[in-house]
Amino acid sequence: MPAGLANDRDLRWLMLRSLATLGQIERHEIAAEADRDSSLAGRLGALTARAALPGAGDKRWAWAQLTGAGLSNHERNAIGQGFWLSGDPQLLQEYVNRFVRDVPGLQPTMGPDALARLTMLAFPRTLPFESTMATVSASLNSGLLPAGVRRSLTDGLSVLGEVWRAREGE
């Protein structure tokens, strides 16, 4: 760390998340850093970094944590923020169907505002493909989603569409 920043925990977690996204750090290194930083920010930083690891096993772990029981809304949000940051796009594409099914399925355990925020943060924004947009659109057209989830999906879909159209114009 540069002089004067050695004790900057937030910067350290940003760097560790970046290393995780690149696959340049291992789970045990993230865990060791989490042991050194027992603050809430440390816990959330570790979850985001762990979810950002690109391996298939790491994605299975992250998805199970995101959609399972026992985590706080903040912890789910941290995992949702890291999940789509890295990984083989084909592997990640398999989770798009799960996203539109599993995240709204958390409604019985989360309040409407918390669920809308999780939907926004865990949106598959790194997959600007027709298949992603079709899956999200089909979910929106089902008419079964709470208003906040619909809003978050609509906003995410709008951004994906802009990225996709920009890439098509290249």
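> Provide a residue-level description of the pattern of salt bridges, including the pertinent values.
Counted under the stated rule, the structure contains seven salt bridges. Here R12 makes a salt bridge to E33, at a shortest N to O gap of 3.2 Å. You can see R12 sitting in helix α1 (residues 9–21) and its partner E33 sitting in helix α2 (residues 27–36), a full 21 residues away along the chain. According to the relative accessible area criterion, E33 is buried, its value standing at 8%. The shortest N-O distance in the salt bridge between D58 and R50 comes to 3.9 Å. What emerges from the salt-bridge pattern is a single network uniting R12, E33 and R36.

> Explain the side chain of D102 to me, and be specific about the residues and the numbers.
By secondary structure assignment, the location of D102 is in helix α6 (residues 89–102). If near-sequence neighbours (up to four positions away) are discounted, D102 is found in contact with W63 and T67.

> Please provide a residue-by-residue account of the packing of helix α4 (residues 56–67) against helix α5 (residues 73–83), values included.
Two numbers describe how α4 lies on α5: the axes approach to 9 Å, and their chain directions differ by 145 degrees. Classified by chirality, the crossing of α5 by α4 is left-handed. Contacts from K59, A62, W63, Q65, L66 and T67 of α4 reach α5 at R76, I79, G80, G82 and F83. Partitioned by chemical class, the residues of the contact of α4 with α5 number five nonpolar, four polar and two charged.

> Break down the packing of helix α7 (residues 112–121) against helix α9 (residues 147–168) for me, with residues and values.
When two helices pack together, their arrangement is given by the angle between the helix axes and the distance between those axes. Relative orientation of the contacting elements α7 and α9 amounts to 20 degrees, with a least axis distance of 8 Å. Relative to α9, α7 is oriented roughly parallel. Here α7 and α9 pass one another in a crossing that is right-handed. Here L115, A116, T119 and M120 of α7 lie close against α9, whose contacting residues are G148, V149, R151, S152 and L153.

> Lay out the nonpolar core with the relevant residues and their values.
Counting residues in each nonpolar core, the largest one holds 34 residues, and the members touching the most others are W63, W84, F99 and L153. For this core, the element with the highest residue contribution is α6, accounting for six residues. With residues near it in sequence (within four places) discarded, W84 still touches W63, L92, Y95, V96, F99, A122, F123, P124, T126 and L127. With nine residues, the next largest nonpolar core counts A20, I30, A46 and A52 among its residues.

> I'd like to hear about the packing of aromatic side chains, residue by residue, with values.
Inspection of every chain in the model, using the stated rule, returns seven aromatic pairs. Aromatic pair F83 and Y95: ring centres 5.0 Å apart, planes at 70 degrees, arrangement edge-to-face. Residue F83 is found in helix α5, and its partner Y95 is found in helix α6; the two are separated by 12 residues along the sequence. Residue F83 is classed as buried on the basis of its relative accessible area of 1%. With 6.4 Å between their ring centres and 85 degrees between their planes, W84 and F99 make a pair best called edge-to-face. One end of the pair, W84, is in the loop between α5 and α6; the other, F99, is in helix α6, and 15 residues separate them in sequence.

Quick notes on the rules
- Residues numbered from 1 in each chain as written.
- Predicted model: local features only at pLDDT ≥ 70, side-chain atom pairs only at ≥ 80, totals over all residues.
- Heavy atoms only, no water.
- Salt bridge = Lys/Arg side-chain N within 4 Å of Asp/Glu carboxyl O.
- Helix = DSSP H or I, 4+ residues; strand = E, 2+ residues; numbered from the N terminus.
- Buried < 20%, exposed > 50% of the residue type's maximum accessible area, 1.4 Å probe, protein only.
- Contact = heavy atoms within 4.5 Å.
- Axes fitted to C-alpha atoms, helices over the stretch in contact; angles between N-to-C directions.
- Left-handed = near helix turned anticlockwise from the far one by under 90°.
- Nonpolar A, V, L, I, M, F, W, Y, C, P; charged D, E, K, R; others polar.
- Parallel < 35°, antiparallel > 145°, perpendicular 65-115°, else oblique.
- Core = buried A, V, L, I, M, F, W, Y, C linked by side-chain atoms within 4.5 Å.
- Phe/Tyr/Trp six-rings, centres within 6.5 Å; stacked < 30°, edge-to-face > 60°.

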